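Structural overview
Chain residues, written in single-letter form:
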Amino acid sequence: MADEIILLDFWPSMFGMRVRLALAEKGLKYEYKEEDLRNKSPLLLEMNPVHKKIPVLIHNGKPICESLIIVQYIDEVWHDKSPLLPSDPYQRAQARFWADYVDKKLYELGRKIWSTKGEEQETAKKEFIECLKLLEGELGDKPYFGGEKIGFVDVALVTFSCWFHAYESFGNFSIEAECPKLIAWTKRCMEKESVSSSLEDPHKVHGFVMGMKKKLGIE
């Protein structure tokens, strides 16, 4: 019996894109259901009653929530193809640490870059670049965070790259000028079909953020 896989998602979500990428890396077919976050579906509320957020992976009727937990679940269930987490326990712990670092830092700082002005925005930009430089140091001279192949940290971080254009545009700065090695890494990732097919177009994301700014009355 084939696995029934459903993904509840919202197209510009970098968290949802992580799940799409993990599923693509594993070569899994699934049903994609787009959610309207202002009018959440009964299915989303039933499957994620605690946080009521996307993404939610429904595997044979059972829900798994929170993007990094979903990616780890996908990796454990379909472990025979394209492993994302290392087999060594120490390396696995390190990968989880850096993925968690991305979660704790980048989303909020990125949000501040497009939604604030003046000193608050400048502070957010400075901290954002500091975080990326730290991640650049962790990447080192490896092609990917996972080594020779895309791994857990790559999946956690690369989905933010389609938001970089919006951050740069509204924050008036260049990520490539500050972190050239990291941008070279994003371009390397984008050469992979699994990545390019899972990430949204940066200009489309920019348009979405423009709409958000208008709704929030931020000019």
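Report follows, based on the coordinates. Computed from a predicted model, the values in this text were never measured in an experiment.

Calculation rules
- All residue numbers refer to positions counted from 1 along the written sequence of the respective chain.
- Note on the predicted model: pLDDT of at least 70 is required for a residue's local features to be given, and 80 or more for side-chain atom pairs to be given and counted; whole-chain, interface and lining totals, by contrast, use all residues.
- Each side-chain value is derived from all of the structure's non-hydrogen atoms; neither hydrogens nor water enter the calculation.
- We call a set of buried residues a nonpolar core when its members are Ala, Val, Leu, Ile, Met, Phe, Trp, Tyr or Cys and they connect through side-chain atoms within 4.5 Å of each other.
- For each residue, the accessible area found with a 1.4 Å probe, counting protein chains only, is set against the maximum for its type, and the residue is called buried under 20%, exposed over 50%, and partly exposed in between.
- A run of DSSP states H or I qualifies as a helix once it reaches four residues; a run of E qualifies as a strand once it reaches two. Both are numbered from the N-terminal end.
- Contacts between residues were defined by any pair of non-hydrogen atoms, one from each residue, lying within 4.5 Å.
- Here the rule is simple: two strands pair whenever DSSP picks up at least two bridges between them.
- Planes of paired rings set the category: under 30 degrees apart is stacked, over 60 is edge-to-face and the rest tilted, where pairs are Phe, Tyr or Trp rings (Trp by its six-membered ring) whose centres lie within 6.5 Å.
- A 3.5 Å cut-off defines polar contacts: any pair of N or O atoms within that distance qualifies, except that in protein one atom must be a possible hydrogen donor and the other a possible acceptor, and neighbouring residues in sequence count only when both atoms are side-chain atoms.
- Only the stretch in contact is used when a helix axis is fitted, and all axes are lines through C-alpha atoms; the angle between N-to-C directions ranges over 0 to 180 degrees.
- To sort the angles, those under 35 degrees are grouped as roughly parallel, those over 145 as roughly antiparallel, those from 65 to 115 as roughly perpendicular, and the leftovers as oblique.
- Gly is put with the polar residues, along with every residue not named as nonpolar or charged; the nonpolar set is Ala, Val, Leu, Ile, Met, Phe, Trp, Tyr, Cys and Pro, and the charged set is Asp, Glu, Lys and Arg.
- Salt bridges are identified by distance alone: a Lys or Arg side-chain nitrogen within 4 Å of an Asp or Glu carboxyl oxygen.

Section: the nonpolar core
- F128, W163 and Y167 are the most contacted members of the largest nonpolar core, which totals 74 residues.
- Broken down by element, the residue count for this core peaks at 9 residues, all from helix α4 (residues 89–115).
- Once residues within four sequence positions are removed from consideration, F128 is found in contact with L106, L109, G110, I113, F164, Y167, F173 and I175.

Focus: unusual backbone geometry
- The omega torsion of the bond from I54 to P55 falls at -5°, within 30 degrees of zero and hence cis.
- Its identity as a non-glycine residue notwithstanding, N60 has a phi of 50°, on the positive side.
- In this structure, N60 sits in the loop between β3 (56–59) and β4 (62–65).
- Residue class for N60 comes out partly exposed when judged on its relative accessible area of 36%.
- If you check the backbone angles, S82 has positive phi at about 45° while not being a glycine.
- Here S82 lies in the loop between α3 (67–77) and α4.

Description of the pairing of β4
- Relative to β4, β3 runs antiparallel, the two being bridged by 4 bridges. Looking at the pairing, V56 lines up with C65 of β4.
- Counting the residues in the hairpin turn of β3 and β4 gives 2 residues, including N60, whose phi is positive at 50°.

Let's talk about the packing of aromatic side chains
- Per the counting criterion, the structure on display carries 12 aromatic pairs.
- On the numbers, 5.2 Å between centres and 90° between planes, the contact of F97 with W98 is edge-to-face.
- Measuring from centroid to centroid gives 6.2 Å for W163 and F208, while their planes differ by 85°, and the two rings are edge-to-face. Here F208 lies in helix α11 (residues 202–216) and W163 lies in the loop between α6 (152–158) and α7 (164–171), a separation of 45 residues in the sequence.
- A relative accessible area of 6% means that W163 is categorised as buried.

Overview of the side chain of S67
- Tracing the sequence through the fold places S67 in helix α3.
- A polar contact is formed between the side chain of S67 and the side chain of R18, at a distance of 2.8 Å.
- With sequence-adjacent residues up to four places away left out, S67 is seen in contact with F15, R18, V19 and P55.

Looking at the packing of helix α1 (residues 14–25) against α4
- Between α1 and α4, the least distance of the axes is 12 Å, while the angle of their chain directions is 135°. Compared by their axis directions, α1 and α4 come out oblique. For the pair α1 and α4, the contacting residues are M14, F15 and R18 in the first and V102, D103 and Y107 in the second.
- Taken together, the residues of the contact of α1 with α4 sort by class into 4 nonpolar, no polar and 2 charged.

A few points about the pattern of salt bridges
- According to the stated counting rule, one finds 14 salt bridges in the structure shown.
- Notably, a salt bridge pairs D103 with R18, separated by 2.8 Å at the nearest N-O pair. You can see D103 sitting in helix α4 and its partner R18 sitting in helix α1, a full 85 residues away along the chain.
- On the basis of relative accessibility, which here comes to 0%, the residue R18 falls in the buried class.
- Put simply, E130 and K126 hold a salt bridge, and the shortest N to O gap is 3.2 Å.

Note that every value here comes from positions in space, so none of it alone points to a role or purpose.
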